[in-house]
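A closer look at the structure
Each chain, written out:
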Amino acid sequence: MTLAKPFQISKQIVRSAYLQVKRSKGSAGFDNESMEIFEKDLQNNLYKIWNRMSSGTYFPPPVLEVEIPKADGKVRKLGIPTISDRIAQTIVKQYLEPKVEPHFHEDSYGYRPNKSALQAIHQARWRCWRDDWVLDLDIKSFFDTIDHRLMMAAVRKFTDSPWMLLYIERWLKADAITKEGEKQNRDIGTPQGGVISPLLANIYLHFTFDKWMKENYSHVHFERYADDIVIHCRSLKQLEMIRNKVSKRFAECKLSLNLAKTKIVYCKDANRKENLNDIAFDFLGYTFRPRLARDKEKVFFVSFSPAISTKAAKEIRNTVKNKWKMKTRTECDIKELAERFNPVIQGWINYYGRFHGSALYSKVFEYLNTTLMRWAMKKYKQLFRRPTRASRWLKQVQLENPNLFVHWKFKLT
């Protein structure tokens, strides 16, 4: 170690971070520098990052603040770092993540290696069968209200590395800049959209919630995916006690529950007879509610189970209509449409088709087939304004090429 380079950061890690950011295909930050532009002077740009981080002179540029519309009419603010800053954050993440991972709770699923949302949904389904009640927690503006002092205290539990602590604190305090060029200082919160933010969020909630629950209420189970939390309780009395305790704990950690969105849910099924209003909740794009199911003897009964949520299905249909604009792509033939959109459709199947796949078919794939039919009416003169004939044409194509679109071979579950 020299005075010029007080921090020992591997050049190999810098390059590894760049490759990881390249694979993620993120958009440009406030400087409008895309990955293609960054790569025109790649070696020099990577050297600058290494040199500044190694010498302690790296200062994060502002993040670009963009607003994403939410279903309730409000917006979610995302902070998009520059390409260089994304690489710098990835460097710290690659050093820090292995230190914290062994300590995280087994029921923390969000943004972790070898953990997934589907695992969380599977576990939630099983526990809803076992326990009668669910507390569906909503933390009010979580990413925007993280306390910087508590955040740094939590990070110090895992590392005393001066350079990692230095840069994490600088990222927490980095300015945001809007598309209109207005700069905003930040003394609270961490922007959604940063590479390091999900790891920092997990560290914060590890101490605020996961570890606290394990130490005080180890018999009460939960699933947490970032700030989405579902708690399972055996009785309404136990649930109300847990809700009060969690609310007080969050207040101690400078967080608060969104009482309007935090729900008490009764997991009603064939064996649970109480008549209550709240018998459904959404978790990670799935709606858990009473559904008709069949047992091994093919006898129907009511099960409390997940299927694609109405909100998620609507977002998918909006993608097909407004982003793909499939029915207007008359320059393509049907095979070209399949090649272009099959990878995304397969992704929907992989995620939303895992549980109660018939809902995915009725809410999404029937709409997709109708869109293909409308595309055919626009493309072929003999089908123009003839939906019945277009429907027969599409069925014939499906009969002759059953594997053309991946959803055509999707088996209902």
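Residue numbering note: each chain is counted from 1, following its sequence as written. It should be noted that, the model being predicted, local features are given only for residues of pLDDT at least 70 and side-chain atom pairs only at 80 or more, the latter also being counted only at that level, while totals for whole chains, interfaces and linings use all residues. Calculation of side-chain values draws on the structure's entire complement of heavy atoms; hydrogens and water are dropped beforehand.

What about the sheet that holds strand S8 (residues 263–266)?
When DSSP finds two or more bridges between a pair of strands, those strands are recorded as paired. The secondary structure listing takes helices from DSSP runs of H or I that are at least 4 residues long and strands from runs of E that are at least 2 residues long, numbered from the N terminus. Spatial strand order, S6-S7-S3-S8: four strands in an open sheet with antiparallel pairing. Where the open sheet ends on each side, the last strands, each with one partner, are strand S6 (221–225) and S8. Strand-to-strand twist of the sheet, defined as the mean angle between neighbouring strand axes without regard to direction, takes the value 20 degrees. Examined bridge by bridge, S6 and strand S7 (residues 228–233) share five bridges and lie antiparallel to one another. Bridging from a neighbouring strand, Tyr225 pairs with Asp228 of S7. Strand contacts of helix H5 (residues 117–130): strand S3 (133–138), S6 and S7, with the helix running at about 155 degrees to S6, the strand carrying the most contacts. Any two residues whose heavy atoms approach within 4.5 Å at even a single point are treated as in contact. Note on geometry: axes are C-alpha line fits, over the in-contact stretch for helices, and angles between N-to-C directions span 0 to 180 degrees. This element, helix H9 (residues 197–216), spans S3, S6 and S7 of the sheet and lies at about 175 degrees to S6.

Digging into the nonpolar core
By nonpolar core is meant a set of buried Ala, Val, Leu, Ile, Met, Phe, Trp, Tyr and Cys residues that side-chain atoms within 4.5 Å join together. Exposed residues in this analysis have more than 50% of their type's maximum accessible area, buried residues have under 20%, and partly exposed residues fall in between, with area computed by a 1.4 Å probe over protein chains only. Formed by 65 residues in total, the largest nonpolar core has its most connected members in Met53, Ile87, Ile203 and Ile231. Ranked by residue count, the leading element in this core is H9, at nine residues. In this structure, Ile203 is in contact with Leu96, Val100, Phe104, Met151, Ala154, Val155 and Phe158, ignoring residues within four places of it in sequence. Leu118, Leu284, Phe405 and Val406 belong to the second-largest nonpolar core, a separate cluster that totals 56 residues.

Some thoughts on a nonpolar patch on the surface
A surface patch of nonpolar side chains, amounting to about 300 Å² of accessible area, comprises Leu292, Phe300 and Val302. Topologically, Leu292 is positioned in strand S10 (residues 286–294). We classify Leu292 as exposed; its relative accessible area is 56%. Surface patches are drawn from residues lacking salt bridges whose relative accessible area is over 30%; two like charges belong together within 9 Å, two nonpolar side chains (Val, Leu, Ile, Met, Phe, Trp, Tyr) within 5 Å. Reported accessibility uses the Shrake-Rupley method at a 1.4 Å probe radius. Residues are deemed covered only where the shown protein chains occlude them. What counts as a salt bridge is simple: a side-chain nitrogen of Lys or Arg found within 4 Å of a carboxyl oxygen of Asp or Glu.

A few points about unusual backbone geometry
Backbone geometry at Tyr111 places phi at a positive 55 degrees, although glycine is not the residue there. Mapped onto the fold, Tyr111 is located in the loop between helix H4 (83–100) and H5. Note on Tyr111: relative accessible area 49%, which makes it partly exposed. Although it is not a glycine, Lys254 adopts a positive phi angle of roughly 65 degrees. As for its placement among the helices and strands, Lys254 is situated in the loop between helix H10 (236–252) and S8.

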